Amino acid sequence: MSTHAATTVTSILSVDTITVRFAGLTALDNVSFEVADASVHAVIGPNGAGKSTLFNVISGVYSPDAGTVRFNGTDLTSRAPHAIARLGIARTFQNIALLNTESVEDNLLLGRHLLTRTGFVAAGLRLPRSRNEERRHRARVREIAAFVGLAERLDIPVGTLPYGDQKRVEIARALCLEPALLLLDEPAAGMNAHETAGLAHLVRDIRDELEIPILLIEHDMGLVMGIADRVSVLDFGRLIADGTPNQIQRDPEVQRAYLGVDGAEPGVH
Ligand SMILES: Nc1ncnc2c1ncn2[C@@H]1O[C@H](COP(=O)(O)OP(=O)(O)OP(=O)(O)O)[C@@H](O)[C@H]1O
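Residues numbered from 1 in each chain as written. Predicted model: local features only at pLDDT ≥ 70, side-chain atom pairs only at ≥ 80, totals over all residues. Heavy atoms only, no water.

As named in an unreviewed UniProt entry, the protein chain is ABC transporter ATP-binding protein, taken from Dactylosporangium maewongense.

On to the site of the ligand, then. What surrounds the ligand is a group of 14 residues, the closest being Gly48, Gly50, Lys51, Ser52 and Thr53. Within the contact set of the ligand, an oxygen atom lies 3.0 Å away from a backbone nitrogen or oxygen of Ala49. A distance of 2.9 Å separates an oxygen atom of the ligand from a polar backbone atom of Gly50. The greatest single-element share of the shell around the ligand, amounting to 3 residues, is contributed by helix 1 (residues 51-58). (Near = heavy atom within 4 Å. Polar contact = N/O pair within 3.5 Å; in protein donor to acceptor, adjacent residues only side chain to side chain. Helix = DSSP H or I, 4+ residues; strand = E, 2+ residues; numbered from the N terminus.)

Quick look at the sheet that holds strand 2 (residues 25-36) now. Paired through their backbone hydrogen bonds, the strands of a sheet run either parallel or antiparallel. Read from one edge of the open sheet, 4 strands run 2-1-4-5, paired in antiparallel fashion. One side of each edge strand has no neighbouring strand; the edge strands of this open sheet are strand 2 and strand 5 (74-75). Note: strand 1 (residues 11-22) against strand 2, 8 bridges, orientation antiparallel. The residue of strand 2 that forms the bridge with Val15 is Phe33. Helix 1 contacts strand 1, strand 2 and strand 4 (66-71) of the sheet and is inclined by roughly 115° relative to strand 1. (Pairing = 2+ DSSP bridges. Contact = heavy atoms within 4.5 Å. Axes fitted to C-alpha atoms, helices over the stretch in contact; angles between N-to-C directions.)

The next subject is the pattern of salt bridges. One pass over the structure, following the stated rule, counts 13 salt bridges. Across the pair Arg207 and Asp208 runs a salt bridge whose closest N-O atoms are separated by 2.7 Å. When its relative accessible area of 12% is taken as the criterion, Arg207 is described as buried. Here the salt bridges share partners, and the residues they tie into one network are Glu105, Glu134, Arg138 and Arg142. (Salt bridge = Lys/Arg side-chain N within 4 Å of Asp/Glu carboxyl O. Buried < 20%, exposed > 50% of the residue type's maximum accessible area, 1.4 Å probe, protein only.)

Below, the discussion takes up the sheet that holds strand 6 (residues 89-91). Here 6 strands make up an open sheet; going across it, the order is 6-7-8-3-9-10 and the pairing mixed. Because the sheet does not close on itself, it has two edges, and the strands there are strand 6 and strand 10 (238-243). Taken pair by pair, the neighbouring strands of this sheet meet at an average axis angle of 20°, ignoring direction. Across 3 bridges, strand 6 lies against strand 7 (residues 181-185) in parallel orientation. Paired with Ile89 across the bridge in strand 7 is Leu181. Together, strand 3 (40-44), strand 6, strand 7, strand 8 (214-217) and strand 9 (230-235) form the strand contacts of helix 1, whose direction differs from that of strand 8 by roughly 145°. Along the sheet face, helix 6 (residues 163-175) touches strand 6 and strand 7 and points at about 155° away from the line of strand 7.

A few words on the packing of helix 6 against helix 7 (residues 193-208). Their axes nearest at 10 Å, the elements helix 6 and helix 7 cross at an angle of 15°. Considering their axes alone, helix 6 and helix 7 lie roughly parallel with respect to each other. Read as a crossing pair, helix 6 and helix 7 show a hand that is right-handed. Residue-level contacts link Tyr163, Gly164, Arg168, Ile171 and Leu175 of helix 6 to Glu195, Gly198, Leu199, Leu202 and Ile206 of helix 7. When the residues that make up the contact of helix 6 with helix 7 are grouped by side-chain class, the tally is 6 nonpolar, 2 polar and 2 charged. (Parallel < 35°, antiparallel > 145°, perpendicular 65-115°, else oblique. Left-handed = near helix turned anticlockwise from the far one by under 90°. Nonpolar A, V, L, I, M, F, W, Y, C, P; charged D, E, K, R; others polar.)

Within soluble globular proteins, side chains that are nonpolar tend to cluster in buried spots. Leu182 and Val233 are the most contacted members of the largest nonpolar core, which totals 51 residues. Residue assignment places this core across two domains, with domain 1 (9-88 + 179-269) and domain 2 (99-178) each supplying three or more. Among residues more than four places away in sequence, those in contact with Val233 are Ile44, Arg238, Leu239, Ile240, Ala241, Ile248, Val254 and Tyr258. If you look at the next biggest cluster of nonpolar residues, it comprises 25 residues, including Leu13, Val31, Leu215 and Ile217. (Core = buried A, V, L, I, M, F, W, Y, C linked by side-chain atoms within 4.5 Å. Domains from an automatic or database assignment.)

Following this line, the structure appears as structure tokens:
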């Protein structure tokens, strides 16, 4: 027997033989992979590869035709989106979904509504217990805003912020759920180089300081290769590769999938 104990990587999310069909089209075909705890895990693939469908299965928007998704051992398959959020999976969307005329603080407070016991109606009536609860939530919202770099922007209507800051508000709102796993859907889309660099920092900080694992869909290969611990590659609904960024960049099937679509290698952007 070996004297060296194998390093065990705990997995927080298991995607197990997931298949999703839309009419005649197989959007996900028997897809399996694991997301390790304390990791940044990227899902990449050409347009139409099945990435959004995968997120929609994990977050409960779609029920798969076959397979299971387990989160910390709990079967998520066919649970409703709000039940999955309550279990600790928070997500952001491709298009910013915030209340533009409301302040950063109010948008973040709304992100905590699943965690409130007395609810915001009771808070509006200023009942003593709800006042205490509201105070706690406001304090936590301030901490989270400071963590993402928005401490000075709490009173500003979200719609007037620069795009990169609006994306930060979205991520902060997801963090307000105190998630055990964060799903980010194309967080760098529409960002300039400076904003993307800031996002890379933030994602690393969420993993390293908050110790929240992150699963992200992203087309910006520079960002993916720079921050991901592991990368899963989808092509026409099939998982064609799963490995470290280095392994993925050298994988001939991955290169073929990208060259076949738009002439770009995943390592070159
Ligand atoms: N609700 C739906 N009804 C029918 N077909 C769908 C539906 N959602 C996705 N599809 C199809 O499933 C396939 C996978 O789509 P999906 O949006 O998951 O790909 P994607 O990798 O996220 O693409 P992109 O990078 O362009 O966002 C595509 O062929 C798409 O047209």
